[in-house]
Amino acid sequence: MSLVLRGKRINVRSFKKSDAESLQENINEKLISQFTRAPYPYNLQDAEDFIDLSNLELKNKKSFLLGIEFKETGKVIGGISLMDVDWKKKEAELGYWIGKNYRGKGLMKEAVDIILKFGFMEIKLERITADVSTKNPASRKIVDKMKFKYCGWKFEEGWGRLLLKRMLIFELFMKGFIKLNIFSLLYSPCDFKPISCE
């Protein structure tokens, strides 16, 4: 199964085997490993294994673990996901990262906007959450820009590491997303069907 969600400067798409090198190059950073489940150092075998896992998860519709492709080069520069999709509750968790050479350019905001539209408009989720570390202000800026609402916190084990992280939990509901983004949903540079206004 292949998935491509087109944006203005980026595409959000399923990973291909040929993405392994650019995936490894962009995710192999200690900072990224602190806030994601990615190991550090991250080698080519890790990238190949993740690509296989992401395609299996996509095929089974358990999670949408997608690459952020920079249109200018066709290379994967980051990752974005709707994880642990609960089809009964119609909810999923948002996760994202981007390589250091692509930060501060608005590309992650574009990628998050694309995946939220996909989540709410295409696969009909009603709630998307994001867990953000208190030590990750860049991630916090993204959820604030996208109008997520703070709904609590939790301690989370550091994904196999001997540490606990305090995570802030944010949520966005479809109804709020549509009200806040009605103009961009109707006149978006992305390939999505417009919605009807009442």
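Right above here is the structure, for reference.
Residues numbered from 1 in each chain as written. Predicted model: local features only at pLDDT ≥ 70, side-chain atom pairs only at ≥ 80, totals over all residues. Heavy atoms only, no water.

With that out of the way, let us pick up helix α5 (residues 137-145). Three or more residues of α5 are buried, namely S139, I142 and V143. One side of α5 holds all its buried residues, which, seen down the axis, span an arc of 90°. Summarising the geometry of α5, the exposed residues directed more than 90 degrees from the buried face are P137, A138, K141 and K145. K147, located one to two residues past α5, shows a positive phi value of around 65°. (Buried < 20%, exposed > 50% of the residue type's maximum accessible area, 1.4 Å probe, protein only. Helix = DSSP H or I, 4+ residues; strand = E, 2+ residues; numbered from the N terminus. Arc of directions from axis to C-beta.)

Take the pattern of salt bridges next. Counted by the stated rule, this structure contains nine salt bridges. Across the pair R13 and D19 runs a salt bridge whose closest N-O atoms are separated by 2.7 Å. The class for D19 is buried, based on a relative accessible area of 3%. Residues joined by salt bridges that share partners form a network here, namely R13, D19 and E69. (Salt bridge = Lys/Arg side-chain N within 4 Å of Asp/Glu carboxyl O.)

Function-wise, these values are silent; they only describe arrangement.
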